[in-house]
Amino acid sequence: VTERNLRATTASTPLPPHRDTAVVGCCSTRTVSRSRQKMVNSSCEEPATKRARTYGARTDGAADSTCSGPASSEIPTADRQLSLSSGSTVDKCRQLDEGLAATFRRGDIRLLRRAWVLGAPDQRLPYRQVLEERERRGELPLLSPEEAAALLECGDRSIGALTHPWYSPGDPDPVGVKLKILREALLVLTHIEAIFVDYASLFQHPPKGTRTEAENEAFKRALGVMGDVYASAVGTTVLQIKEIPPRPQEFDGELCLFGLKAGVDEAAVCQALSDLSTEFESCDLAFESTYGVVRFTTHAAALRAKAANTFSELCGGVDTRYNERSYDGRGDGEGGRDGDEGRGWCCFEGGVSGELLVRLSVYPRMKAELDKLPPKLISLASGRAPEPVELSHSDVWQRVQQVVESIEKATFTGKGDKEVVPVLYKGYVERVATVLASTLALQTTLETAAEVPVMPSVDVPPAFALRLADGQLLLLPGADARLAGGDGAWLAEVDASHKIVRGRLFDNFVAELTFDGHSHAVIPWCPAEAGAEASLRRDLPALRALGERVQPLLKEVRQSEGELQKRGEASLIVVADAVELPMVATVARKAGDAIRQVLKKDAEYPPGEVAPPLGKRIQSLHASLELLSPEALKSLAVAAWREGGMVGARRFASGQRLVVRAADGAWRESAAEEACALDGGPASLHPWNHAPLEVSVNAFEALRAWHTIALRAQHSHIADALSGRRLDVLQQCVAIEVAGGGAELASVVDARSLAACLRTLHQERLPGGEGTRPP
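## With respect to a nonpolar patch on the surface
A cluster of nonpolar residues, Ile736, Val738, Leu754 and Leu758, forms a patch on the protein surface that exposes about 290 Å² of accessible area. Position of Val738 among the secondary structure elements: in the loop between β19 (726-727) and α27 (751-765). Here Val738 falls in the partly exposed class, since its relative accessible area comes to 32%.

## Re the side chain of His690
Mapped onto the elements, His690 comes out in strand β17 (residues 690-692). The exposure class assigned to His690 is buried, which follows from its relative accessible area of 11%. From its side chain, His690 meets the backbone oxygen of His686 in a polar contact 2.8 Å long. A distance of 3.3 Å separates polar atoms of two side chains, one belonging to His690 and the other to Asn689. Among residues more than four places away in sequence, those in contact with His690 are Phe652, Leu658, Val659, Val660, Trp667 and Leu685.

## Here we look at unusual backbone geometry
Backbone geometry at Arg157 places phi at a positive 55 degrees, although glycine is not the residue there. Within the fold, Arg157 resides in the loop between α8 (145-153) and β2 (159-163). Residue classification places Arg157 among the buried residues on the basis of a relative accessible area of 2%. Its identity as a non-glycine residue notwithstanding, Lys208 has a phi of 65 degrees, on the positive side.

## Points about the sheet that holds strand β11 (residues 473-476)
The four strands are arranged β11-β12-β13-β14 in an open sheet whose pairing can be described as antiparallel. In this open sheet, the two strands that pair with only one neighbour each are β11 and β14 (510-512). Between one strand axis and the next, the sheet turns through 35 degrees on average, direction left out of account. Pairing geometry for β11 and strand β12 (residues 490-494), over four bridges, is antiparallel. Across the sheet, the residue bridging to Leu475 is Leu491, located in β12. Taken strand by strand, helix α21 (residues 532-558) contacts β11 and β12, and its axis lies near 70 degrees from that of β11.

## Some thoughts on the nonpolar core
Counting residues in each nonpolar core, the largest one holds 45 residues, and the members touching the most others are Phe104, Ile109, Leu111, Phe196, Val229, Ile407 and Tyr425. Tallying contributions element by element places helix α19 (residues 417-446) first for this core, with five residues.

## Considering the pattern of salt bridges
Using the criterion set out here, one finds 38 salt bridges in the structure. With its nearest N and O atoms 3.0 Å apart, the salt bridge here joins Glu133 to Arg136. Placement of both Glu133 and Arg136 in helix α7 (residues 128-136) is noted, with a separation of three residues, approximately one turn of the helix. You can call Glu133 partly exposed: its relative accessible area is 35%.

## Things to note about the pairing of strand β7 (residues 291-296)
Counting buried positions along β7 yields five of six residues, so the element is predominantly enclosed. The pairing of strand β6 (residues 280-288) with β7 spans five bridges and is classified as antiparallel. The residue of β7 that forms the bridge with Glu288 is Tyr291.

## Thoughts on the sheet that holds strand β9 (residues 377-380)
Read from one edge to the other, the open sheet built from six strands follows the order β1-β3-β2-β4-β9-β10, with strand pairing classed as mixed. Only two strands of the sheet have a single neighbouring strand rather than two, namely β1 (112-113) and β10 (387-388). Across two bridges, β1 lies against strand β3 (residues 194-196) in antiparallel orientation. Looking at the pairing, Arg113 lines up with Ala194 of β3.

## What to know about α8
For α8, every residue scored as buried is listed here: Glu147, Ala148, Ala149, Ala150, Leu151 and Leu152. At the exit of α8 stands Gly155, carrying a positive phi of roughly 70 degrees.

## Remarks on helix α22 (residues 564-578)
Taking 1.5 Å of rise per residue, the 15 residues of α22 would be expected to cover 21 Å, and the 21 Å separating its terminal C-alpha atoms lies within 8% of that figure. Within α22, burial applies to Leu564, Arg567, Gly568, Ser571, Val574, Val575 and Ala578. Seen along its axis, α22 keeps its buried residues to an arc of 120 degrees; they face one direction. Residues of α22 that are exposed and point more than 90 degrees away from the buried face comprise Lys566 and Ile573.

## Re the packing of aromatic side chains
One pass over the structure, following the stated rule, counts nine aromatic pairs. With centroids separated by 5.6 Å and ring planes inclined at 85 degrees, the aromatic side chains of Trp166 and Tyr199 adopt a geometry described as edge-to-face. In this pair, Trp166 is assigned in the loop between β2 and α9 (177-188) and Tyr199 in helix α10 (residues 198-201), connecting sequence segments 33 residues apart. Assessed through its relative accessible area of 22%, Trp166 is described here as partly exposed. We classify Tyr199 as buried; its relative accessible area is 8%. Of the aromatic side chains, those joined through ring pairs into one cluster are Tyr127, Trp166 and Tyr199. The cationic tip of Lys178 hangs over the ring face of Tyr167; the distance from NZ or CZ to the ring centre is 4.0 Å. One residue, Lys208, lies across the ring of Phe287, its end atom 5.5 Å from the ring centre.

## Points about the confidence of the model for the chain
Residues of the chain with pLDDT of at least 70 account for 76%, and the chain-wide mean is 78. Below pLDDT 50 for its whole length, residues 1-73 participates in 135 contacts with residues either more than four positions away or in separate chains.

## Some details on the packing of α21 against helix α25 (residues 630-643)
One way to put it is that α21 packs onto α25 with a least axis distance of 9 Å and a crossing angle of 165 degrees. With respect to their mutual orientation, α21 and α25 come out roughly antiparallel. Both α21 and α25 take part in a crossing whose hand is right-handed. For the pair α21 and α25, the contacting residues are Leu536, Leu540, Leu543, Leu546, Gly547 and Gln551 in the first and Pro630, Leu633, Ala637, Ala640 and Trp641 in the second. Counted by class, the contact of α21 with α25 contains nine nonpolar, two polar and no charged residues.

About the criteria used
- Residues numbered from 1 in each chain as written.
- Predicted model: local features only at pLDDT ≥ 70, side-chain atom pairs only at ≥ 80, totals over all residues.
- Heavy atoms only, no water.
- Patch = residues over 30% accessible without salt bridge, like charges linked within 9 Å, V, L, I, M, F, W, Y side chains within 5 Å.
- Areas by Shrake-Rupley, 256 points an atom, 1.4 Å probe, with all protein chains shown as cover.
- Salt bridge = Lys/Arg side-chain N within 4 Å of Asp/Glu carboxyl O.
- Helix = DSSP H or I, 4+ residues; strand = E, 2+ residues; numbered from the N terminus.
- Buried < 20%, exposed > 50% of the residue type's maximum accessible area, 1.4 Å probe, protein only.
- Polar contact = N/O pair within 3.5 Å; in protein donor to acceptor, adjacent residues only side chain to side chain.
- Contact = heavy atoms within 4.5 Å.
- Pairing = 2+ DSSP bridges.
- Axes fitted to C-alpha atoms, helices over the stretch in contact; angles between N-to-C directions.
- Core = buried A, V, L, I, M, F, W, Y, C linked by side-chain atoms within 4.5 Å.
- Expected span 1.5 Å × (residues − 1).
- Arc of directions from axis to C-beta.
- Phe/Tyr/Trp six-rings, centres within 6.5 Å; stacked < 30°, edge-to-face > 60°.
- Lys NZ or Arg CZ within 6 Å of the ring centre and 35° of its normal.
- pLDDT = per-residue confidence, 0-100.
- Parallel < 35°, antiparallel > 145°, perpendicular 65-115°, else oblique.
- Left-handed = near helix turned anticlockwise from the far one by under 90°.
- Nonpolar A, V, L, I, M, F, W, Y, C, P; charged D, E, K, R; others polar.

Next up, the structure:
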């Protein structure tokens with residue numbers, strides 16, 4: 001039936017009643033009706049006799065009758081109408097299908113029409129390129145890209161996604177058993193309107209050939225969304241076939257050699273089979289473009305050659321041409337076959353099929369919405385009706401680890417798939433977590449608000465004024481420094497009143513000493529060097545005097561038209577004096593070298609010869625002298641303050657009230673001069689064992705206890721997007737993955753072990769030394 005005939009027929013034929021034409025999932029009425037009408041017009045509205053002849057479809061409005069199979073099932077297929085608002089469960093789930101819908105629209109993945117599958121004369125599914133050639137001749141085996149995307153966006157699981165083991169590398173179903181199973185199932189699963197089958201939906205290597213470059217690119221893009229095909233919570237129904245029929249006789253004794261190395265010929269194969277020469281029959285190394293075939297007189301001989309790793313030097317992989325490995329693992333003797341760990345792609349497809357559903361099912365309201373749809377996973381097999389598979393969430397907490405382990409244990413035929421497939425699975429899980437983060441937050445808001453106890457009333461008198469020792473150096477943050485995320489701009493010194501701080505370098509200011517008026521940064525910290533603070537205080541007047549000499553000289557250099565040598569020599573005199581100050585000696589030498597270089601180049605030009613522009617030479621001299629400018633000297637002083645261990649050093653005036661950490665871990669109140677004399681008190685004060693007292697210990701403990709209770713009440717049902725569990729924020733932890741870090745972080749696998757690692761680092765700092773940090 002050509003498209004012209006279909007259009008002519010459908011133009012005069014009214015659209016019959018169809019399920020879900022109002023609102024399906026989150027599609028609008030107009031969108032669903034148009035997309036469904038297009039698909040119905042393309043496959044269901046042609047004249048009855050022509051439709052029966054072309055598709056083998058039903059002609060009397062009853063169940064499809066061209067295939068024999070089970071007549072009834074427990075699977076619900078009643079009409080469904082999900083009237084869901086924006087932001088609902090289904091709407092959130094559909095966000096995960098956006099990439100898949102784009103892949104459908106691009107044509108990288110094509111879907112089989114239900115009617116064609118039921119009515120086609122084929123006993124085995126053709127591969128995609130054959131189906132598209134038949135499409136060009138007027139047959140309609142595939143949905144158009146736009147039809148496929150529209151059907152996905154309906155959100156009613158009307159796309160069947162077949163997951164199945166390939167029986168042979170060139171043809172997944174050489175005996176036609178799967179097509180028969182699929183046809184029988186579609187007679188029951190009336191909600192399935194299109195089917196994804198990898199062999200028919202993705203570009204394949206044709207017999208004796210390879211995919212074109214364009215087909216290869218489309219195939220790679222399609223692989224990137226394979227997880228979405230099976231995992232879509234509302235777009236697809238997964239149809240699972242695990243059945244492995246008995247090996248056909250024509251496959252006996254045949255091994256496939258994948259990834260043949262350059263130069264391998266029949267002589268090399270014969271040499272490798274010297275121990276089995278009497279059982280070796282023949283080989284065809286060009287059997288297919290992607291593999292060669294070696295034949296033995298018996299199948300047992302072929303298995304011995306495979307087990308002996310006979311071809312390890314000739315190719316990348318070996319397997320029997322008829323693959324009897326199980327779908328997802330079996331024990332020895334099960335089904336009369338040897339045990340195995342299953343197939344990698346099957347484990348992946350089975351794993352992602354319930355990934356989103358399992359996580360959402362632990363939330364009753366979300367589960368209730370999704371339960372309105374047909375079952376997500378349905379098992380198919382010869383001679384029985386389709387059976388829904390219950391997706392258990394009992395082990396959701398460890399699901400990611402379990403699925404990854406099953407994939408890694410399983411066997412892959414394709415070279416490189418063992419590394420690619422786990423990455424595909426983890427990538428999908430990460431995207432699931434991203435979408436669920438907002439979905440589960442929405443769910444949390446629907447819960448009854450937790451009752452929080454009333455904040456206790458505590459006696460909090462005005463805090464004791466901060467009083468530091470005379471001469472204590474502090475870093476005072478400026479407004480610009482705070483806005484930029486810095487912690488300080490000026491060095492200041494506490495005066496004899498213990499309450500006032502004064503600028504020590506080029507900032508002539510006086511300010512009241514307050515808790516928030518100076519920097520409290522203490523990391524990185526180490527014990528202060530002996531005499532470092534006193535030495536810095538002694539050097540500050542000399543630094544100030546140096547800056548006061550350099551400041552006017554900088555102005556003179558900028559205005560030194562024709563007096564470059566004179567200004568340079570004056571600068572060198574200042575630099576020579578600066579070299580005598582240990583704090584700035586290194587920088588001063590650097591400035592002196594630069595100034596001398598400028599003067600030397602200027603003097604090299606003989607009288608009358610044109611020298612470089614004077615402005616550039618003046619600029620170079622100015623830049624050299626700026627290394628000793630007041631702003632540069634302030635930075636050097638602050639650096640010396642940090643490097644001398646004064647970042648966290650505090651000396652308190654007598655009578656200053658502190659809270660001090662005792663040896664038993666308890667915090668106690670004390671005067672500064674009595675802190676080290678407390679029973680179990682510290683040997684010395686450092687940033688990790690004391691702080692100025694702002695609120696009494698008893699009042700703080702009362703407020704902390706209330707905060708703990710309030711935290712539990714308000715956040716006891718935080719949802720973990722990856723596991724679906726509701727976590728007690730103070731008792732349970734979320735699985736995490738740490739990249740890098742070396743041996744120090746090898747034990748970090750969850751929030752609890754991360755906290756233990758951080759506590760260890762904290763304990764290293766408690767004695768007063770700088771703790772090591774993991775890279």
